[in-house]
Amino acid sequence: MDPLLAFGFWAFVLTFAGIYAVFVLGLQIEVGDTGLINFGHVAFMAIGAYTTGLLLTNGVTVWIAIPVAIAAAAAGGLLLGLPTLRLRADYFAIVTIAAGEILRITIQNEQGTTGGTQGLRSASGPWRDFNRDVIDWFDGIGVELDRRVPLLVIVWASALLVGLLLVVLGRTPWRRVLRAVRENEDAAAAMGQPVFSYKLQALALGSAIAGLAGVLYTFFSTTLFPDNFEPIFTFVGFAILILGGIGSYFGVVVGSVVIAFIVSGTRFLDFPLDADKVAALRFVVIGLIIMGMMAFRPQGLFGKKEELHLDA
Amino acid sequence: MDQFLNTTINGLSSGSIYALGAIGLSLVYGILKLVNFAHGDFMTLGGYVAFAVNVSAGMPLSVAILAAVAAVAALGLVLEYSVWAPMRRKGAGIMQLLLLSIGLAFVIRNMILFEWGGDDRRLDVDQFQSWNLFGGVSITAIQVTVIATAGVVLVAVATMLRTTLVGKTMRALSDSFDLAEVSGVNTKRVVIYTWLLAGSLAGLAGVLAAIYTTLTPNTGWFLLLSVFAAVVLGGIGNAYGALVGGLVLGLVQEWSTMLVRPTYKEAIGFLVLILVLLVRPQGIFGQARTV
């Protein structure tokens, strides 16, 4: 197989990139628009994924499972935000990562419900049958589809919809207040804006989007493991955000594709090294991207410097 | 009672490792306003330098500890000159430095993975020797090594911070950088000493973690959040607080195993972290003020 021509491989990489794009769009609302540095973002994706998985394995239909999963992630955001949003930015960052880890350790320990480290099997429920039906239908009209195409389309359609939603929200007074909160919290409060409530709404919306990413991830990987939701996932999300540009939705898309290419797309390149060493080098590159961006272009490729606020 | 004493011994072992990591993390946070997410990977590097000297080169453990301490202290200095000082001159904000340290953490951790691979490593220490103290209470040779080494170093560091001029200026800088600077403190020199101290202690903590548990490229990263909890518990920037915070956190985590499943003990530590930040963000020893 010539991997450069292997459509399935690139469909896999791009699906992965699309899930990351959705995930980081949620992060963008929090970090870029509101100035909340949330290092526990992956926890809300975990809530979305495990809610989907647990509902589907218990016979609930997809059309109920998806909205419930997204709502559960949003509720998780509210629950975390209520006590913690008054903290200073650096404290908030540490608290969110700790909360995410508590959730992950709990999922790992409650084996009876979640499958623990053995994984939650068949978490995508009837997705595979649906996928096969779609491919058969296209086969019926004479179009031969790769089995990865339906999810690829769904994932990027979701990213597009979320992006459009955010662009539309961007034209409303709502996002203007968010940006005011980011620029100067005290001034926004002095103008009579309920700053805390706006931060909470941003966190809930960002978490809901992460929940959607969790739903898509469940379809993508079928079996869920607690290890999939380690803090590193959030930090790779931050690498995407930083590369694309804090505050830029288009930057998220570019960043997702570039980072997904580095993480899994470079597998076709034949390095004269052990697989372990190549894996290590990939993350060295991601680390260097974060460092280089923060040192020389903290606003990212597509961000605006005057919109960047990285002070606590 | 036996169970209480056994968990206390366990808690002192892990707690002294947290304490060693936390002192440096807290001073760097307080003095340089740097929330250093690479601190855990400094610890890991210490562990692997000790592994290289102790196992690969077959030298005694004491030599390995000295080499690890020297190597990580040197890394701290190199990074100060090459990364942190230039960034501070640019006027980088606290979150910018924090995100940069996450990138640095990726780089260090994966260079370690590149060099040494992902397998579990052990240092050349007696894994099985243990003594029955009395009744059902026992202590392993590993625990004695960890507690004794950490104990001596922690007392020395606490004395240094309390009695020497360098120690006092470090604490003064952590309290208020500007005030110390206008009082005529040579802040540049103190910053160098801070990195030397933070690096040395992180290196030692990494070696002890490698002795006490296993060594993988993720060892320090997994310890980091607990070390953060110790820092927060003691009050950010407060070196004594970090020392005590580390021990308290280790004890709380181990004592919790008498009530909940042992696999939850890390989560208990993180819960302590969150509760302290919510209820008493200045830490258990700090005085109430704007933080």
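Residues numbered from 1 in each chain as written. Chains lettered and ligands numbered in written order. Predicted model: local features only at pLDDT ≥ 70, side-chain atom pairs only at ≥ 80, totals over all residues.

Caption draft 1: Fine view of the overall build of chain B. For chain B, the helix and strand inventory stands at eleven helices and two strands. Along its sequence from the N terminus, chain B presents helices and strands in the succession α-α-α-α-β-β-α-α-α-α-α-α-α. For 291 residues, the compact-globule formula gives about 19 Å, and the C-alpha radius of gyration of chain B, at 19 Å, lands near that figure. Projected onto the principal axes, the alpha-carbon positions of chain B cover approximately 60 × 45 × 35 Å. Counting every position in chain B, which comprises 291 residues, the buried fraction comes to 54%. Put simply, of all contacts in chain B between residues at least 6 apart along the chain, 76% involve residues at least 24 apart. (Helix = DSSP H or I, 4+ residues; strand = E, 2+ residues; numbered from the N terminus. Rg over C-alpha atoms; globule rule 2.2 N^0.38 Å. Buried ≥ 20, exposed ≤ 12 C-beta atoms within 10 Å, placed from the backbone. Contact = placed C-beta atoms within 7 Å.)

Caption draft 2: The arrangement of the overall build of chain A in detail. On a plain count of helices and strands, chain A comes out with 13 helices and zero strands. Listing each helix as α and each strand as β along chain A from the N terminus yields α-α-α-α-α-α-α-α-α-α-α-α-α. Taking the principal axes of the C-alpha coordinates as reference, chain A spans close to 60 × 45 × 40 Å. Buried residues in chain A amount to 50% of all 312 residues. Nonlocal contacts in chain A, meaning residues at least 24 apart in sequence, comprise 78% of its contacts between residues at least 6 apart.

Caption draft 3: Fine view of the interface of chain A and chain B. Across the boundary between the two partners, chain A contributes 38 residues, which contact 34 residues of chain B. Elements represented by at least two residues in the side of chain A that touches chain B include exactly helix 3 (62-84), helix 4 (89-109), helix 11 (231-244) and helix 13 (275-296) of chain A. Per-element tally for the side of chain A that touches chain B: the top contributor is helix 4 of chain A, with 14 residues. Taken together, the residues of the side of chain A that touches chain B break down into 29 nonpolar, four polar and five charged. (Nonpolar A, V, L, I, M, F, W, Y, C, P; charged D, E, K, R; others polar.)

Caption draft 4: The nonpolar core, seen in detail. Ranked by internal contacts, the top residues of the largest apolar core, which has 206 residues, are V22(A), A239(A), I290(A), A50(B), A68(B) and L208(B). In this structure, V22(A) is in contact with S158(A), A159(A), V162(A), I209(A), L212(A), A213(A) and L216(A), ignoring residues within four places of it in sequence. (Core = buried A, V, L, I, M, F, W, Y, C linked by C-beta atoms within 7 Å.)

Caption draft 5: Region of interest: the pairing of strand 2 (residues 137-140) of chain B. Residues and elements named next belong to chain B. When strand 1 (residues 130-134) meets strand 2, the two strands line up antiparallel, connected through four bridges. From the neighbouring strand, W131 faces strand 2, where its bridge partner is I139. The turn linking strand 1 back onto strand 2 is made up of two residues, and G135 within it adopts a positive phi angle of 50°. (Pairing = 2+ DSSP bridges.)

Caption draft 6: Up close: the environment of A67(B). Residues and elements named next belong to chain B. The topology assignment puts A67 in helix 3 (residues 61-89). Overall, A67 belongs to the buried group, with 20 C-beta atoms counted inside 10 Å. As for A67 and L99, which are separated by 32 residues in sequence, their C-alpha atoms are 29 Å apart. Beyond its immediate stretch of four places on either side in the chain, A67 contacts V49, A50 and V53.

Caption draft 7: Summary view of the environment of G53(A). Inspection of the secondary structure assignment puts G53(A) in helix 2 (residues 41-57). The spacing of G53(A) and T223(A) is 170 residues in sequence and 8.5 Å in space, taken between C-alpha atoms.

Caption draft 8: A look at helix 11 (residues 265-279) of chain B. Taking 1.5 Å of rise per residue, the 15 residues of helix 11 of chain B would be expected to cover 21 Å, and the 21 Å separating its terminal C-alpha atoms lies within 8% of that figure. With respect to burial, helix 11 of chain B is a largely interior element, eleven of its 15 residues being buried. Here helix 11 of chain B has its buried residues at K265(B), E266(B), A267(B), I268(B), G269(B), F270(B), V272(B), L273(B), I274(B), V276(B) and L277(B). Buried positions along helix 11 of chain B lie against helix 4 of chain A together with helix 9 (219-234) and helix 10 (239-256) of chain B. (Expected span 1.5 Å × (residues − 1).)

Caption draft 9: View of unusual backbone geometry. Look at T222(A): it is not a glycine, yet its phi comes out positive at around 65°. Looking at the secondary structure, you find T222(A) in the loop between helix 10 (195-221) and helix 11.

Caption draft 10: Examining the packing of helix 6 (residues 165-175) of chain B against helix 8 (residues 187-212) of chain B more closely. Residues and elements named next belong to chain B. The geometry of helix 6 relative to helix 8 is characterised by a closest axis approach of 10 Å and an angle of 100° between their N-to-C directions. The angle between the axes of helix 6 and helix 8 places the two elements in the roughly perpendicular class. Counted together, V166, T169, M170 and L173 of helix 6 and T187, V190, Y193 and T194 of helix 8 form the full contact between these two elements. (Axes fitted to C-alpha atoms, helices over the stretch in contact; angles between N-to-C directions. Parallel < 35°, antiparallel > 145°, perpendicular 65-115°, else oblique.)

Caption draft 11: Main features of helix 13 of chain A. With 22 residues, helix 13 of chain A extends 31 Å from end C-alpha to end C-alpha; this agrees with the ideal 32 Å at 1.5 Å per step. For helix 13 of chain A, the full list of buried residues reads A280(A), F283(A), I286(A), G287(A), I289(A), I290(A), M291(A), M293(A) and M294(A).

Caption draft 12: Broad picture of the environment of A64(B). Residue and element names in this part refer to chain B. For A64, the location among the structural elements is in helix 3. Remark: the alpha-carbon pair of A64 and Y48, spanning 16 residues in sequence, is separated by 9.7 Å. Not counting chain neighbours up to four residues away, the residues in contact with A64 comprise A50, V53, N54, M59 and V207.

Caption draft 13: Structural detail: the confidence of the model for chain B. Residue and element names in this part refer to chain B. Here chain B averages 90 in pLDDT, while 98% of its residues score no lower than 70. Looking across chain B, the model is least confident in helix 7 (residues 177-182), with a mean pLDDT of 82, and most confident in helix 2 (residues 39-56), with 96. Interface confidence in the predicted complex, given as ipTM, is 0.90; pTM for the same model is 0.91. (pLDDT = per-residue confidence, 0-100.)

Caption draft 14: A look at the packing of helix 1 (residues 2-32) of chain B against helix 9 of chain B. All names here are of chain B. At a minimum axis distance of 8 Å, the contact between helix 1 and helix 9 shows a crossing angle of 65°. Judged on the interaxial angle alone, helix 9 and helix 1 are roughly perpendicular. In this structure, the crossing between helix 1 and helix 9 has a hand that is right-handed. Facing Y18, A19, G21, A22, L25, S26 and Y29 of helix 1, the residues of helix 9 in contact are L223, S226, V227, A230, V231 and G234. Along the lines of polarity and charge, the residues of the contact of helix 1 with helix 9 split into nine nonpolar, four polar and no charged. (Left-handed = near helix turned anticlockwise from the far one by under 90°.)

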